[in-house]
Each structure stands twice: as C-alpha cells, then as structure tokens.
Amino acid sequence: MKLFDVYPLNNITPVKAKDCILWDENGTEYLDFYGGHAVISIGHSHPHYVKAIQEQIQKIGFYSNSVQNPIQEQLAENLTRISGYNDYKLFLCNSGAEANENALKLASFHTGKDHIIAFKGAFHGRTSGAVALTDNPKIVAPFNAKHSVSFVEYDLEEIQKIIHEKEVAAVIYEPIQGVGGIILPTDEFVQKLREICTANNVVLIADEVQSGYGRTGKFFAHQHSNIQADIITIAKGMGNGLPIGGILISPEFQASHGLLGTTFGGNHLACAAANAVLEVIEQENLIQKADEMGYYISRALNRYQRIKEIRGRGLMIGIEFEFPVDELRKNLLHKHRIFVGNAKSNIIRLLPPLTMNKAFADKFLQALEEEIVSHS
Ligand SMILES: Cc1ncc(COP(=O)(O)O)c(C=O)c1O
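About the thresholds
- Residues numbered from 1 in each chain as written.
- Predicted model: local features only at pLDDT ≥ 70, side-chain atom pairs only at ≥ 80, totals over all residues.
- Heavy atoms only, no water.
- UniProt positions renumbered as here; feature names shortened; annotations may be inferred.
- 1 Å grid on protein atoms, 1.4 Å probe; cavity = no way out; pocket = protein on both sides within 12 Å on 5 of 7 lines; lining within 4 Å.
- Points joined across faces, edges and corners; volume = space filled by probe spheres on them.
- Helix = DSSP H or I, 4+ residues; strand = E, 2+ residues; numbered from the N terminus.
- Nonpolar A, V, L, I, M, F, W, Y, C, P; charged D, E, K, R; others polar.
- Near = heavy atom within 4 Å.
- Polar contact = N/O pair within 3.5 Å; in protein donor to acceptor, adjacent residues only side chain to side chain.
- Areas by Shrake-Rupley, 256 points an atom, 1.4 Å probe, with all protein chains shown as cover.
- Expected span 1.5 Å × (residues − 1).
- Buried < 20%, exposed > 50% of the residue type's maximum accessible area, 1.4 Å probe, protein only.
- Phe/Tyr/Trp six-rings, centres within 6.5 Å; stacked < 30°, edge-to-face > 60°.
- Axes fitted to C-alpha atoms, helices over the stretch in contact; angles between N-to-C directions.
- Parallel < 35°, antiparallel > 145°, perpendicular 65-115°, else oblique.
- Left-handed = near helix turned anticlockwise from the far one by under 90°.
- Contact = heavy atoms within 4.5 Å.
- Domains from an automatic or database assignment.
- Pairing = 2+ DSSP bridges.

Under the annotation held in an unreviewed UniProt entry, the chain carries the name Acetylornithine aminotransferase and is attributed to Moheibacter stercoris. Turning to the chain, the UniProt annotation filed under Cofactor (unreviewed entry) states: "pyridoxal 5'-phosphate".

The following block contains the structure:
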C-alpha cells in the first residue's frame, strides 16, 4: 500500500534527534528552528521526558476514561499552577482541531446559540467542526459543518454588528495567528473584545494550540493582553510530540456525563508525557528563556536588509520578506541544514524548541544573512 500523498515532503529522513538537533540516516546534522510545527517545546528526546514515558509504558499505557486516572489529575494540577487559571477545569483530547471542536460545542451548549465569529486568516484545524472556521481557500469547509461562521477583520464595530444581528455563541481567535503569518491583534483590541463578549453572553475562545505552552514568554500568548478567555484550547507543544490536546474551561460551564467524550483523550501515556513537559518547562525556566531568546533573535534580525517586518512574541517569530521565500527556505535546509517554516509566500516562520540557545541562534542568523546577501 502506498501513502496517500497529501503532504509535500522534504527529501530528508530524520532518524535521531536531541534537543535542537536532528540527524538523518547518513549522520548529517540539522538544526531545528521549526519543531515540527511548534510541537517540540522542551527539545527532542529530553531525558526527563524519555524516562517518564518509558516508566509509564512499563506500567500502563492506556485504559479508558471509565476509571480514575491520577495522572490526568496531576496534569490538571500542573496546568493550574503554571497557567494561573486556578478555578478552570480541564478536558483532554488528542489534537488541536479536536480541542477547538469541543470548545465550539461547549460554547453552543452553554449559550444555546450556534453562530461563530472567527478572524480572516485564521486556522483552527481540519476536523469538520474546526475546518469550517478556517478562512483558507485551499481548505474547503465540509457541507456537514454544524456552525455557521462569519470571518471578520480585527474590527470591533463589525463584530458588534454581527453579534446584534445573529445568535453568536462564540468568538474564537488565535492570540498570534500561526498559519496565517504570525499576525497579532493589539492588546487593546483583545481587551475590548473581551468586554463585548462578556456583555453579550458570547464565549471567548483563545486558540493557543500553536501560541501556547510558554512559547511567547508567557504560558499563554493571550496573557500578554491581560485578559482571561472563557475557553483555552491547547495541543502541539503539550506532549512534545506525543499527541495530546485539551481545553481549559471556565467555572461558568457546567459539566454533565456524556456532554463531551473521547476514547484516547487523556490516556495514561500522553498524560505522563504532558506532565514531564510541564516539569521541564518549570525546572529549566523555559518560558523566560523563550522570552529572552526571542528578543535576542528578533533584535538581531532588525539589522538585516530586505526584511519588511518582524512579528511575533518570544520564540514564535514571523519574518516577512520583500520577496518570495521558497528558495531561501530550501537553501536554509539543503545548504545550511536548518529547518524553518513558512507562511504565505513571503514569510519565514520560526517555532524552535524553547531550549534554543545563543550558539544555535547565531548559526541560524549567520546562515540567513548569507542567503539574504546572495539574494540581493
Ligand atoms: C492555531 C491552531 N489551531 C488548531 C490547529 C490544529 O491542530 P491539529 O493539527 O493538532 O489538529 C493548528 C495546527 O496547526 C493551529 O495552528
């Protein structure tokens, strides 16, 4: 059987990885400034993480959600401590799209309404509920999507108008749009949006699937705006590669048996991995390090030619160029052996492990400078 060919693949086969480095089958070394779409938060194969997974799989990897699972409870406790969301509840699932689907479902159950406001350029995933919220012409919304959606600019008047005209259950936003090109609403906008949602019984959902988990220098990127969301969706960096997602839910929402559900969500192994991730984030002070390294890289980039704009926070960085970046990205990978991401045609997207250090950053900066100079 052949693989269903839906991903454009780089002609590289990583077989080993450690911290910010990957090796292919020939022993060639690659620097990872992308982390498999922001998934690698604490660095590849972190010893504490590997040990936690090994120990857990020897005990029990999975049993269904019909039994008590202290590892899930431990994860909820760890998340409470590190996020500051003290009275919120946790529901666990397997991916970012699932987290968003469950968040939307909850918003509808809670408000009795079913229209959703999302933002132009947003990406919230590829399950039927989440994909309907993706304003991306390449991804067709399936006909069975439950919610109707309005896509808006960061325009409070437009949002208020829609809230008055339609039965709006939720506004869902990415504190920093990832796939959309590292786009940030202003903190003032987010604060006003929070007020509007509260005044109109509209649930505010912060999709932190890509921007969360310490990447931006706070545990959640929306915390830079000094607000609380009603529901926060998480995934990617949560398991450092092991699939796990979840939603943090405000105490205003009532749980009842059967309201949400999943077979694999919150399984023992994924939770052990997620606990190890949070332990390493705390022990190694990775949130502050992400902030410092992000500042170091962004400041250095300011000196470079032919860059239109540098956006983002911490280690979620978008570098918008005056020219298409396809060739630049290929050269970084094949000449300099550095993985980076992209967004749109002219944006390089950096989502490295939060353990990124100055020596690796300098290597990337030097390679980028060489490529910019040779492109001029
Ligand atoms: C902001 C955001 N939300 C949701 C998703 C979907 O996550 P997953 O691919 O785990 O379903 C992504 C994936 O890129 C994302 O960036």
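Chemist: Help me understand the layout of surface pockets in this model?
Modeler: Any space left empty among the atoms is revealed by the rolling of a water-sized probe across them. A volume near 960 Å³ is recorded for the second largest pocket. Together, 34 residues line the second largest pocket, and Gln72, Lys89, Leu90, Phe91 and Ala255 are the ones closest to its centre. Where the lining of the second largest pocket is concerned, the elements lending two or more residues are helix H3 (70-83), strand S4 (89-93) and strand S10 (245-249). Sort the elements by how many residues they give to the lining of the second largest pocket and H3 lands first, with six residues. In terms of residue class, the lining of the second largest pocket is built from 16 nonpolar, 16 polar and two charged.

Chemist: Looking at this model, I keep getting lost on the site of the ligand. Mind explaining?
Modeler: Inspection of the region around the ligand gives Ser95, Gly96, Ala97, Asn100, Phe123, His124, Gly125, Glu174, Asp207, Val209, Gln210 and Lys236 as its neighbouring residues. Contact between the ligand and Gly96: an oxygen atom at 2.8 Å from a main-chain N or O atom of the residue. Between Phe123 and the ligand, the recorded distance is 3.4 Å, taken from a backbone N or O atom to a nitrogen atom. A total of 390 Å² of accessible area belongs to the ligand in isolation, and the protein chains cover 81% of it. Tallying contributions element by element places helix H4 (residues 96-111) first for the shell around the ligand, with three residues.

Chemist: What's the story with H4 in this structure? I'm lost.
Modeler: Along an α-helix, residues three or four apart share an orientation, since each turn contains 3.6 residues. For H4, with 16 residues, the first-to-last C-alpha span of 23 Å sits near the 22 Å given by 1.5 Å per residue. Of all the positions in H4, only Gly96, Ala97, Ala99, Asn100, Asn102, Ala103, Leu104, Leu106, Ala107, Ser108 and Thr111 are classed as buried. Structurally, the start of H4 carries an N-cap: the backbone nitrogen of Glu98 is 3.3 Å from a side-chain oxygen of Ser95.

Chemist: Which parts of the structure should I look at to understand the packing of aromatic side chains?
Modeler: For any pair of aromatic rings, the description rests on two quantities: the centre-to-centre distance and the angle between the ring planes. A complete count under the given rule lists 11 aromatic pairs for this structure. Aromatic pair Phe33 and Phe364: ring centres 4.6 Å apart, planes at 25 degrees, arrangement stacked. Of the two residues, Phe33 sits in the loop between strand S3 (29-32) and helix H1 (35-38) while Phe364 sits in helix H11 (residues 358-375), which places them 331 residues apart along the sequence. Taking the relative accessible area as the measure of exposure, Phe33 reaches 0% and is therefore buried. What makes Phe364 buried here is its relative accessible area of 0%. Between Phe119 and Tyr154 the ring centres are 4.9 Å apart and the planes differ by 25 degrees, which places this aromatic pair in the stacked class. Of the two residues, Phe119 is situated in strand S5 (residues 115-119) and Tyr154 in the loop between strand S6 (148-152) and helix H6 (156-165); the sequence distance between them amounts to 35 residues.

Chemist: How should I be thinking about the packing of helix H2 (residues 47-59) against helix H8 (residues 268-283) in this particular structure?
Modeler: Any two packed helices are characterised by how steeply their axes cross, that is the angle between the axes, and by the distance between the axes. In contact at an axis separation of 9 Å, H2 and H8 are set at 155 degrees when each is read in the N-to-C sense. It follows that H2 is roughly antiparallel to H8 by the angle criterion. Every pair of crossing elements has a handedness; the one defined by H2 and H8 is right-handed. Residues His48, Tyr49, Ala52, Ile53, Gln56 and Ile57 of H2 form the contact with H8, whose participating residues are His268, Leu269, Ala272, Ala273, Ala276, Val277, Glu279 and Val280. The residue makeup of the contact of H2 with H8, split by class, is 10 nonpolar, three polar and one charged.

Chemist: Looking at this model, I keep getting lost on empty space enclosed by the protein. Mind explaining?
Modeler: Counted according to the given criterion, the structure contains two cavities of 30 Å³ or more. Roughly 60 Å³ of volume is contained in the largest cavity. Lining the largest cavity are 13 residues, with Ala38, Gln210, Gly212, Tyr213 and Gly237 positioned closest to its centre. Counted by class, the lining of the largest cavity contains six nonpolar, four polar and three charged residues. Each of domain 1 (14-46 + 285-375) and domain 2 (48-283) contributes no fewer than three residues to the lining of the largest cavity. The volume enclosed by the second largest cavity comes to roughly 40 Å³. Every residue along the wall of the second largest cavity is listed here: Tyr173, Pro175, Pro185, Asp187, Val190, Ala221, His222, Ser225 and Arg313.

Chemist: Whenever I open this one, the sheet that holds S5 confuses me. Can you help?
Modeler: Whether parallel or antiparallel, the strands of a sheet pair through hydrogen bonds between backbone atoms. On the basis of which strands lie adjacent, the open sheet formed by seven strands has the order S4-S10-S9-S8-S7-S5-S6 and mixed pairing. Unpaired on one side and paired on the other, S4 and S6 mark the two borders of the sheet. The mean angle between the axes of side-by-side strands here comes to 20 degrees, regardless of whether they run parallel or antiparallel. The pairing of strand S9 (residues 231-234) with S10 spans four bridges and is classified as antiparallel. Looking across to S10, one finds that Ile231 is bridged to Ile249. Packing against the sheet, H3 makes contact with S4, S9 and S10, and its axis sits at approximately 120 degrees to S4.

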